[in-house]
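# Structure assessment
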Amino acid sequence: MLRQALQAGMRGGFRATGRFVADHPVFFASAPVLLAVLLGASFSRYRVERDVGRLFAPKHSLAKIEGNLVHSLFPVNRSRHALYSDLQTPGRYGRVIVAARKGGSVLDPGHLDAVLKLHRQIYQMQVTVPASGLGSFNYSFSSLCLPDEKNICIIDDIIRTMEEIHAARSANRSIPVLRYPITRLADGRQAYIGHQLGGVQGWGAGGSVRGPGSGAKGEGVRSARALQLTYYLQAHSSLMDNAAGQWEKAFCTELRHFASGHSKLALYPSTSSSLRTDFQFSSVLARRPLLTSLGVCSVLAVLCCSMRDCVRSKPWLGLLALLSITLSGLTAAGILNLTGATYNSTYLGIPFIMLGHGLFGSFEMLSSWRRTREDQHVKERVAGVFEDVMLRFTGSTLLHLTTLGLAASPLTNMEAVRLFCRTAALAVSVSYVYTLSLYGSCLVFTGYLETGYRHGCFCRRVPKPERLDSKPAWYRCLMYTRYEDDTPHGHTHTHPHPPNSNLTHSHPHPPNSNLTHSHPHPPNSTLTHSHHHPPNSTLTVDSHPQDSHLLLGCVRRCYGDWITNTYVKPFVVLLYLVYISFGLMGFLQVTQGSDPSALVAMDTATVLYARAQQRYFSSYSPVIGFYIYESAPYWNSSVQQDLLEYAKGFQRISWLESYLNYLSEHNQSTAQPRENFTRTLRLSFLRQPQFAHFADDIIFAERGRGEEPDVAASRVFLVAKTTENKREEMSALLDTLRRLSLTSRVRFLIFNPSFVYLDRYAPAVSSPLRHSLLAVLFLLLLSSLAVVEPLVSVWLGLTVLSVQFGVLGFMTLWGVELDCVSALCLISALGHAADCSGPLLCGFASGRGDSRTRWVRVALERHGVPSLQTLICYGAALVPVACVHSNLTRTLFRCLALTAGCSALHTLAFLPTLLTFLPPSKSRGHRAGPGGGGGLRQEVECVEMNDSTRVVDQITTV
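Counting of residues starts from 1 at the beginning of each chain's written sequence and follows it residue by residue. At least 70 in pLDDT is required for a residue's local features to be given in this predicted model, at least 80 for side-chain atom pairs to be given and counted, and no such filter applies to totals for whole chains, interfaces and linings, which use all residues. Water and hydrogen atoms were dropped before computing side-chain values, which therefore reflect all heavy atoms in the structure.

What follows concerns the overall build of the chain. Helical segments are the DSSP runs of H or I of at least four residues, strand segments are the runs of E of at least two, and each set is numbered from the N terminus. If you tally the helices and strands in the chain, you get 29 helices and 17 strands. Buried positions account for 54% of the 958 residues belonging to the chain. Contacts are assigned to residue pairs with any non-hydrogen atoms lying within 4.5 Å of each other. Sequence-distant contacts, at least 24 apart, represent 78% of the contacts inside the chain between residues at least 6 apart. Total accessible area computed for the chain in this model is approximately 41900 Å², and 59% of it derives from carbon and sulfur atoms. A simple rule labels every residue: compare its accessible area, found with a 1.4 Å probe on the protein chains alone, to the largest value its type can have, and call it buried under 20%, exposed over 50%, or partly exposed in between. What sets the accessible areas is the Shrake-Rupley method with a 1.4 Å probe; for residues, cover comes only from the shown protein chains.

This is the structure:
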């Protein structure tokens, strides 16, 4: 009783809202349009997100804390002798991979000369900032570069090596030996070139050629397929940052010009702004396809709202539904611009969330409108539509807002997910208000057109049949409608009901009887009918099936009977088992997609560079910094053995290992007192030219006046051997070394900028999805208090889980990894599944007295058809997005298409079949007559009296 009272109160409130909208249709039609136009003017404040790394890296992670500690101890400016591009990346840089085509080697004389020529051109290249004016200044690389302590630009060690080789060839001297991955320069310093030289073939034992990248430490290089050059720039002020940005653009232009004149070399450039530019380029590529999607959806929406009856056809309501959704999107965007929010390409999925949710509400309102009595006033019909539809539509909107709102909360550790869900929640809220106001007022206006018997498309009054008979055939077809006094076959049945009541009347007819029943009557007619049915029996009968919509007729005459056929049900159950099996198979193979380059437009500089990086430089991991951030007893032999054991198995450049070898070569013990160990390190070892660069890797701390300083912190560079699955191996290595740091006597940490994307990435992506799913189940549990049949919430929760499980499994089988974009689609899939299946479940559960099969057919007619119409328009709108040449939109298309497909399967196949033999029961509320179960039937005689004033007087006797 409490649930019934609560639901009745909410229905009454929505009925009053509908009547209020119908009383003020002009205001509710004009106010949203005016608001959208005013807020749309705020696009002058439109801003694009510039920090892409902030979007895709977990917001709170141990790697970020470690990175802050590392940069406080060893800032970039301290690495003047050896700046490792993969270990510390400054704000601005230009990078290029130069590869030899047709199996050549970049170390060949011709290619080596071309690379050195390219280096000189880049070094001499100039940019003018600002482009014009008296204050313009020419900046070259030498004025923008990151200098060392001698104010000389830092360049890669491979350049020095290639200059040495070129000088030796020019002087006809023996070529110095180039070793891989660690070589020795002319000044005696060791340099790691594993990331500067790629596709290496080395000389093995006996002169045999070994595979690419298989060389051990010190192995001679025979040939190399590619090399990588990096040019570091300063950006410590806004002026320098602007100049560095212009230099990066000129850098890419220079590389294109150089590549056009050297066909034997392939160049793959990358800059600090490449990822941001290529990520936002997806939005540029998607502009025309999105407009095409809107046009295709408009055409199908018009067709879905059209009927043969030109008066009862509502083609304009399809366009007005899309207009309402578009204006709500413009309003939401204006609000974001005014609040200072930034735009990023992940927002491309928000229009489809709005489209799916808005079309479901619009088509449900139109379907409910067609079930209202035509002899009622327009205001009462609109009030009945609000009473019938808005409770379900509000529930689905709250479900959307709950899932998106929880994912947008501070509990979410991924900034891209949080911003997307916050924006989507705002857009869904505005879309709901616009559907309530703008679309509701449009329904009022079209209702008045229908009452005046005006054409649904041209708004012209339709002639009566006697005048229409003299017109041509095409005109009669175009102006066909059914007037009140038009009673085909001379047989009409009248059934007065309260507006939008869920009660329809059951008539005992032979099976498959095609008898139809009509509500309208000729003026002053009086008809009497006897109906034999149980109480609360509810069946829907269409008075003129030839006037119905095509999809409604197909569902009523064909699909409803076919899907509920006894011989079809086993195959549908078998199909569901296959669906679950394939979903489970994909679920067990879910992989993480933590690479930001997988979310940019295809064939852009970022993607081409990443492919070349994977092809030529995948043999070794990024340089890992091994940081000892506390004072440690380095002079202790056991500590020395521990540190050497930790670095064992890595390619490494270690000051400690070099220092211990130095002591051994000078016949000194490696286990010395602290003062002797530190004094020899400072005054002897670090003053050797070949070891001077290790001064950047050691921090000394004063102990007291006259005492030898301590080694307060130090670092070692490690490189691991990897295979093709570099990211998975790096994630496993990170976890292993972190566990080791917890048990080690020496306090150390490891860091690489890529760890920011790897650290806790899986929990950061999956946690908002889990939280949203739990929120859906909790909301459905609470909603059972407002639903007369609590099993609706149970069925809806199971349906949402099933759809979510299928989308996750099938997207993995389709080659989609679990990244932030696919997680966004999975979160939105929760609301989409509820939109599809919720009205069908509510329609089925609300009926009493007839068989399950009959009520499944009724629910399909009432709510399955609007869902089918929405899915058709939604699916057609997704097709143009598949043509966008972008990895991000490809992920969006696949996930959204799977969401629509799985939701359609559940709404139109799985649920109609399962509900025919699973609870809720249809027999509750039916009281047997005297004598038990085979009691007497009740006979109801209804008499209606209609006059020309269309006022109905009803007399009922039982």
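Let's shift gears to helix α9 (residues 274–285). Here α9 contains 12 residues, and its C-alpha end-to-end distance of 16 Å stays within 8% of the 16 Å for a straight helix at 1.5 Å per residue. Looking only at α9, the buried set comprises S274, R276, D278, F279, Q280, S282 and S283. Buried residues belonging to α9 abut α3 (52–56), β9 (265–271), α10 (287–304), α19 (605–616) and α29 (887–914). To estimate the expected span of a helix, count its residues, drop one, and scale the result by 1.5 Å.

A few words now on the confidence of the model for the chain. One confidence number per residue, pLDDT, is output by the predictor and ranges from 0 to 100. Residue-level pLDDT values for the chain average 83, and 85% of them are 70 or greater. Averaged over each element, pLDDT in the chain is lowest for strand β10 (residues 526–532) (37) and highest for helix α18 (residues 569–587) (96). Scored below 50 in pLDDT, residues 205–217 makes 33 contacts in the model with residues more than four places away or belonging to other chains.

Glancing now at the nonpolar core. Take the buried residues of types Ala, Val, Leu, Ile, Met, Phe, Trp, Tyr and Cys, join any two whose side-chain atoms come within 4.5 Å, and each joined set is a nonpolar core. L197 and W247 are the most contacted members of the largest nonpolar core, which has 236 residues in total. The greatest single-element share of this core, amounting to 18 residues, is contributed by helix α14 (residues 415–451).

Attention shifts here to the state of the cysteines. Cysteine sulfur atoms are paired as a disulfide whenever they fall within 2.5 Å. Counted under the stated rule, the structure contains 1 disulfide. Across the disulfide from C145 sits C153; the S-S distance is 1.9 Å. Across the disulfide from C145 to C153, rotation about the S-S bond amounts to roughly -70°, and the bridge is consequently left-handed. We classify C145 as buried; its relative accessible area is 3%.

This paragraph deals with the packing of aromatic side chains. Aromatic rings from Phe, Tyr and Trp, with only the six-membered ring used for Trp, were paired whenever their centres fell within 6.5 Å, and each pair was classed as stacked if the ring planes differed by under 30 degrees, edge-to-face if by over 60, and tilted otherwise. Summed over the entire model, instances satisfying the criterion amount to 34 aromatic pairs. With a centroid separation of 5.7 Å and an interplanar angle of 80°, the aromatic rings of F20 and F28 are classed as edge-to-face. Members of the aromatic cluster, joined through ring pairs, are Y659, Y662, F677, F685, F691 and F694. Counting as a charge over the ring demands two things of the Lys NZ or Arg CZ atom: a distance within 6 Å of the ring centre and an angle within 35 degrees of the ring normal. Stacked on the ring of Y480, the Lys or Arg R308 has its end atom at 4.5 Å from the ring centre. Over the ring of W369 we find R381, and its NZ or CZ is 4.0 Å from the ring centre.

Take a nonpolar patch on the surface next. Residues enter a patch when their relative accessible area is above 30% and they make no salt bridge; the linking distance is 9 Å between like charges and 5 Å between nonpolar side chains (Val, Leu, Ile, Met, Phe, Trp, Tyr). Here a salt bridge means any side-chain nitrogen of Lys or Arg lying within 4 Å of a carboxyl oxygen belonging to Asp or Glu. A cluster of nonpolar residues, V573, L574, L577, V578, F582, M585, L813 and F917, forms a patch on the protein surface that exposes about 660 Å² of accessible area. A total of 6 residues in the nonpolar patch trace back to one element, the largest contributor, which is α18. Inspection of the secondary structure assignment puts L813 in helix α26 (residues 791–813).

A word on the pairing of strand β15 (residues 748–751). In β15, alternate side chains face the same way, and those of F748 and I750 on one face and L749 and F751 on the other are all buried. Each pair of strands is called paired provided DSSP finds at least two bridges between the two strands. Bridging between strand β11 (residues 624–628) and β15 involves 4 bridges; their strand directions are antiparallel. By the bridge assignment, G625 is partnered in β15 with F751.

Looking at where D697 falls in the secondary structure, it is placed in the loop between α22 (674–685) and β13 (698–701). Assessed through its relative accessible area of 5%, D697 is described here as buried. If near-sequence neighbours (up to four positions away) are discounted, D697 is found in contact with F74, W655, A713, S714, R715 and F717.

As a further point, take the environment of T423. By the element assignment, T423 lies in helix α14. On the basis of relative accessible area, T423 is assigned to the buried category, the value being 5%. The contacts of T423, once residues within four sequence positions are left out, are L336, Y347 and I350.

Right, let's get into the pattern of salt bridges. Using the criterion set out here, one finds 33 salt bridges in the structure. The salt bridge partner of R15 is E387, with a shortest N-O separation of 2.8 Å. Placement of R15 in helix α1 (residues 2–23) and of E387 in helix α13 (residues 378–407) is noted, with a sequence separation of 372 residues between them. Using a relative accessible area of 16% as the deciding quantity, one classes R15 as buried. The class for E387 is partly exposed, based on a relative accessible area of 21%. Where E415 meets K59, a salt bridge forms, and the shortest distance between an N and an O atom there is 3.8 Å. In this pair, E415 is assigned in helix α14 and K59 in the loop between α3 and α4 (62–73), connecting sequence segments 356 residues apart.

Looking now at the packing of α1 against α14. Between two packed helices, both the angle of their axes relative to each other and the distance between the axes serve to describe the pair. Interaxial angle, 0 to 180 degrees, is taken between N-to-C directions of lines fitted to C-alpha atoms, where a helix line uses only the stretch in contact. Running from N to C, α1 and α14 point in directions that differ by 55°, and their axes come no closer than 9 Å. What the angle tells us is that α1 and α14 run oblique. Classified by chirality, the crossing of α14 by α1 is right-handed. Every residue of α14 that contacts α1 at F14, T17, V21 and A22 is listed here: Y432, L436, S437, G440, S441 and V444. Three classes are used: nonpolar for Ala, Val, Leu, Ile, Met, Phe, Trp, Tyr, Cys and Pro, charged for Asp, Glu, Lys and Arg, and polar for all others, with Gly counted as polar. Partitioned by chemical class, the residues of the contact of α1 with α14 number 6 nonpolar, 4 polar and no charged. To sort the angles, those under 35 degrees are grouped as roughly parallel, those over 145 as roughly antiparallel, those from 65 to 115 as roughly perpendicular, and the leftovers as oblique. The handedness criterion is simple: a crossing whose near helix is rotated anticlockwise from the far helix by less than a right angle is left-handed, and one whose near helix is rotated clockwise is right-handed.

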